[in-house]
Amino acid sequence: MENIFQFRNRFFDELPADPDERTVPRQVYNSCYSKVNPTQVRSPCLISFSSSIATSLGLDSTVIESSEFAQVFAGNKLLQGMTPYAMCYGGHQFGHWAGQLGDGRAINLGEVVDIYGNNQTLQLKGAGLTPYSRTADGLAVLRSSVREFLCSEAMYHLGVPTTRALSLVTTGEKVLRDMFYDGHPEYEPGAIVCRVAPSFIRFGNFQIFAARKDFDNLKRLIDFCIRYDFPHLISNEKEISREIYEKWFIEICDRTMRLMIEWTRVGFVHGVMNTDNMSILGLTIDYGPYGWLEGYDPYWTPNTTDTEGRRYAFGNQPQIAQWNLYQLANAIAPVIGRTEGLEAALSQYSENYNKESKEMFARKLGLDRYQAENDELLFESLFELLVASEIDMTIFFRLLSKISSQSDYTSEQFFALVADAFYDIDTDKYPPDSYRNSPINESIFNQTVSWLKKYQARLEQQSVSDADRTKKMNLTNPKYVLRNYMAQVAIDKASEGDTSEVEILMKLIEKPYDEQPEFEKYFAKRPEWARQKAGCSMLSCSS
Ligand code: AMP
Ligand code: MG
């Protein structure tokens, strides 16, 4: 295993290191990172790995299944060329500047080049104390690690930009957690995920230097980031010009906007969009109390810490991303020396988001393109319908592809097309004739049918065949997402030593747009028991 990776550690080699090598919690000035070794753990055991990211890193199964692999990815053994370090960053948490945060439990091992020629940083999450751990323990528990592991890979296969997860190991250590901060801490199994991304730089990495008026290091980090993560923006010039800095910010706004479009498309709620959890590359990063919309609800957040303000609820995410971009603009402005370009990029963000989100929903509906004169009202009434009753977002959009643009449906037949997406239906009253008497009241029934009629009329106007439209819609409306309860079932089993459900879900999420008849049971509404269950719809930051 010794020579499986060729490390080239540009972040480590080229940026200023903290001269103090002690692990004690402290403020770290004038440095991009601190050197720190992962903590030794008792008995590493590989629980699962992602074969797709393993393959891209050139790892074969004999390497992965060796006991040495578990040792390395639990942090017990360093391979030649690894230079472990924790990054220094700050951030705005829930709208307030929180000062220095940093990698409190993440340790970067080094950078490698994958088989496609892309740079990838390997990072352990939960590998022990760093100078940034503040009052916490630097560890992660199995529950949150399974969630991060599964969701990173689910997002990747859905086509959503994300950090990846190579491996999930348990450490053999017990970790104390008060899951709901209610004075009932319990020991949970410790675990470590190896995350993989071209870069783990966050908005907060720039903010910390700006907050401390350390403009030299701010510039060094910006230049580093542009040279290595945005190389297409520069040719070989020594000095990076103002125009290039501005182009860089425009691209960050664009990537972030696209990420928000993608989260909206698949119904993902991050849960903690603090600026330290915003990737400079526009990747989904830091899977904590995230969740997936089941009933479509713009005000929904899985994060119990945010139930009061709902700052990070589903429908707020695009706006919050823009707020975060404002903070980044403020941080980098001193290096650029003017703000007009940054301001223009920020207002362009809203314009672009509005335009792109309409196109995205048009794709979800199988429309060739968004036509304001026809579609403004169609969309408005769609969103009114989606919140009028509890309607499963994933199932609703997936079922829409089945509508024929020609058929003469009765009202009952129209409703039956999407009936499986409604939570309130009294299933005993199936078949559809009796919907009118079911808990779906007459007004919801009528609203649904009336919208479907308008939708069908709109489909009739385009020249696309039903078969082509269905095909396209099924590539944009996933059949399977990692529903909140599904990950929890896998966690409950894994905590008892049975990892079969993790493996099943890893298979399922690899092809979220395919029918996969063997997994049909996962194309179903959230079971009632999961409605208010911890881990399924309610999560805290305790992980
Ligand atoms: P989060 O909102 O989970 O992304 O974390 C915010 C900050 O808290 C980051 O600086 C994390 O590194 C740090 N943090 C979270 N959990 C722990 C932990 N168990 N030990 C040390 N630091 C942590
Ligand atoms: Mg974080």
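Criteria and thresholds
The residue numbering used here restarts from 1 in each chain and proceeds along that chain's sequence as written. Both sets of labels track the order of writing: A upward for chains, 1 upward for ligands. In keeping with the predicted nature of the model, local features appear solely for residues at pLDDT of at least 70, side-chain atom pairs appear and are counted solely at 80 or more, and the whole-chain, interface and lining totals rest on all residues. Side-chain measures here rest on the full set of heavy atoms in the structure, leaving out hydrogens and waters. One heavy atom suffices: a residue is near a molecule or strand as soon as one of its heavy atoms comes within 4 Å of it. Two N or O atoms count as a polar contact when they lie within 3.5 Å, although within protein this holds only if one can serve as hydrogen donor and the other as acceptor, and sequence-adjacent residues are included solely when both atoms are side-chain atoms. Using the Shrake-Rupley algorithm and a 1.4 Å probe, accessible areas are obtained, with residue cover drawn only from the displayed protein chains. For helices the rule is a DSSP run of H or I covering at least 4 residues; for strands it is a run of E covering at least 2, with both sets numbered from the N terminus onward. Given the number of residues in a helix, its expected span is that number minus one, multiplied by 1.5 Å. For every residue, the accessible area obtained with a 1.4 Å probe (protein chains only) is divided by the maximum for its type, and the residue is called buried under 20%, exposed over 50%, and partly exposed between those limits. By definition, residues are in contact when any of their heavy atoms lie within 4.5 Å. An automatic or database domain assignment supplies the start and end points of every domain. Note: buried area is the sum, over both parts, of the accessible area (probe 1.4 Å) each one loses when the two are combined. We count a salt bridge whenever a side-chain nitrogen from Lys or Arg sits within 4 Å of a carboxyl oxygen from Asp or Glu. The nonpolar class holds Ala, Val, Leu, Ile, Met, Phe, Trp, Tyr, Cys and Pro. Asp, Glu, Lys and Arg form the charged class, and all remaining residues, Gly among them, are polar. Water is not part of the atom set, so a site may look incomplete; the donors themselves are N, O and S atoms within 2.8 Å of the metal, or 3.2 Å for Na, K and Ca. Note on definitions: angles span 0 to 180 degrees between N-to-C directions of axes, and those axes are lines fitted to C-alpha atoms, for helices only across the stretch in contact. If an angle is under 35 degrees, it is roughly parallel; if it is over 145, roughly antiparallel; if it lies from 65 to 115, roughly perpendicular; otherwise it is oblique. Here the aromatic set is Phe, Tyr and Trp, taking the six-membered ring for Trp, and pairing holds for ring centres within 6.5 Å; pairs whose planes are under 30 degrees apart are stacked, those over 60 apart are edge-to-face, and all others are tilted. Geometrically, a lysine NZ or arginine CZ counts as sitting over a ring once it is within 6 Å of the ring centre and also within 35 degrees of the ring normal. In short, DSSP must find at least two bridges between two strands for them to pair.

**Brief notes about the site of ligand 1**
Every one of the 17 residues lining ligand 1 counts as a neighbour, but G102, G104, R134, G138 and N277 are closest to it. Between ligand 1 and G102, the relevant distance is 2.6 Å, taken from an oxygen atom to a main-chain nitrogen or oxygen of the residue. R134 places a side-chain nitrogen or oxygen 2.7 Å from an oxygen atom of ligand 1. Bound to the protein, ligand 1 loses 82% of the 480 Å² it would expose on its own.

**Describing helix α16 (residues 484-495)**
Counted at 1.5 Å a residue, the expected span for α16 with its 12 residues is 16 Å, and the 17 Å between its end C-alpha atoms agrees. The complete set of buried residues in α16 reads N484, Y485, M486, A487, Q488, A490, I491 and A494. Residues of α16 that are buried sit in contact with α5 (142-158), β11 (291-292) and α17 (500-510). Downstream of α16 by a residue or two, G497 has a phi angle that is positive, lying close to 95°.

**Notes on unusual backbone geometry**
One non-glycine residue with positive phi stands out, namely Y181, at about 50°. Among the structural elements, Y181 can be located in the loop between β8 (164-177) and β9 (186-197). A positive phi is found at Q516, a non-glycine position, where the angle reads about 45°. What makes Q516 buried here is its relative accessible area of 10%.

**Re the domain arrangement of the protein**
Domain annotation of the protein identifies domain 1 (10-200), domain 2 (205-363), domain 3 (368-474) and domain 4 (484-530). Taking only C-alpha atoms into account, the centre of domain 1 sits 22 Å from that of domain 2. Residue-level contacts link 42 residues of domain 1 with 41 residues of domain 2. Of all residues in domain 1, H92, F94 and R147 give up the largest surface area on contact with domain 2, accounting jointly for 18% of the area buried on that side. Of the charged contacts in the structure, one is a salt bridge between D286 and R195, with a shortest N-O distance of 2.8 Å. Here domain 1 is connected to domain 2 by 20 residue pairs in polar contact (both at pLDDT 80 or more). Of all the secondary-structure elements, those providing two or more residues to the side of domain 1 that touches domain 2 are α1 (10-14), β4 (90-93), β5 (96-100), α5 and β9. Ranked by residue count, the leading element in the side of domain 1 that touches domain 2 is α5, at 6 residues. Partitioned by chemical class, the residues of the side of domain 1 that touches domain 2 number 21 nonpolar, 15 polar and 6 charged.

**A few points about the coordination of the magnesium ion (ligand 2)**
Each protein donor to the magnesium ion (ligand 2) is listed here as N277 (OD1) and D286 (OD); together their distances run 1.9 to 2.2 Å. Overall, the relative accessible area of 11% leaves N277 in the buried class. Taking relative accessible area as the criterion, D286 reaches 13% and is therefore assigned buried.

**So, the packing of helix α13 (residues 411-418) against helix α14 (residues 442-460)**
Contact geometry for α13 and α14: axes closest at 9 Å, N-to-C directions at 90°. Taken together, the axes of α13 and α14 are roughly perpendicular relative to one another. Seen from α13, the contacting residues are S411, E412, F414, F415 and V418; seen from α14, they are F445, T448, V449, L452, K453 and Q456. Of the residues assigned to the contact of α13 with α14, the class counts are 6 nonpolar, 3 polar and 2 charged.

**Section: the packing of aromatic side chains**
On inspection of all chains with the given rule, the structure shows 30 aromatic pairs. Relative to Y85, the ring of F12 lies with its centre 5.9 Å away and its plane at 45°, an arrangement referred to as tilted. With F12 in helix α1 and Y85 in strand β3 (residues 85-87), this pair connects stretches of sequence that are 73 residues apart. You'll find F12 and Y85 in the same group, each marked buried. Ring centres of F268 and Y287 lie 6.1 Å apart, and the angle between their planes is 70°; this geometry places the pair in the edge-to-face category. Of the two residues, F268 is situated in strand β10 (residues 268-269) and Y287 in the loop between β10 and β11; the sequence distance between them amounts to 19 residues. An identical accessibility class is assigned to F268 and Y287; each is buried. An aromatic cluster of three or more residues is present, and its members are Y296, F314, F361, F383, F396, F397, W451 and Y455. A cation over an aromatic ring shows up here: R147 above the ring of Y290, its NZ or CZ 4.0 Å from the ring centre. One cation-aromatic arrangement involves K479 over F523; the distance from NZ or CZ to the ring centre is 4.5 Å.

**Describing the environment of Y89**
Structurally, Y89 can be placed in the loop between β3 and β4. Its relative accessible area of 5% is what places Y89 among the buried residues. Setting aside residues no more than four positions away along its own chain, Y89 makes contact with G99, Q100, L101, G102, D103, R202, G204, N205, I208 and D276.

**A closer look at helix α6 (residues 203-211)**
Judged by how many residues are buried, α6 sits mostly within the fold: 8 of 9 residues are covered. Contacts made by the buried residues of α6 are with β3, β4, β5, α7 (215-229), α8 (242-266) and α9 (317-336). In the stretch just after α6, K213 is the one whose phi turns positive, near 55°.

**Details of the pairing of strand β7 (residues 119-125)**
Taken across its 7 residues, β7 has 7 buried, putting it largely inside the fold. Along β7, one buried face is formed by N119, T121, Q123 and K125 and the opposite face, lined by Q120, L122 and L124, is buried too. For strand β6 (residues 106-113) and β7, the ladder comprises 7 bridges, and the chain directions are antiparallel. Residue pairing in the sheet places G110 in a bridge with L122 of β7. Between β6 and β7, which pair antiparallel and follow one another directly, the connecting turn spans 5 residues, one of which, G117, has a positive phi of 90°. Here β7 runs beside β9; their pairing, made up of 5 bridges, is antiparallel. Directly across from L122, in β9, lies its bridge partner V196.

**So, the environment of E380**
When you line up the elements, E380 lands in helix α11 (residues 372-388). Along the primary structure E380 and L57 are separated by 323 residues, whereas in three dimensions their C-alpha atoms are 45 Å apart.

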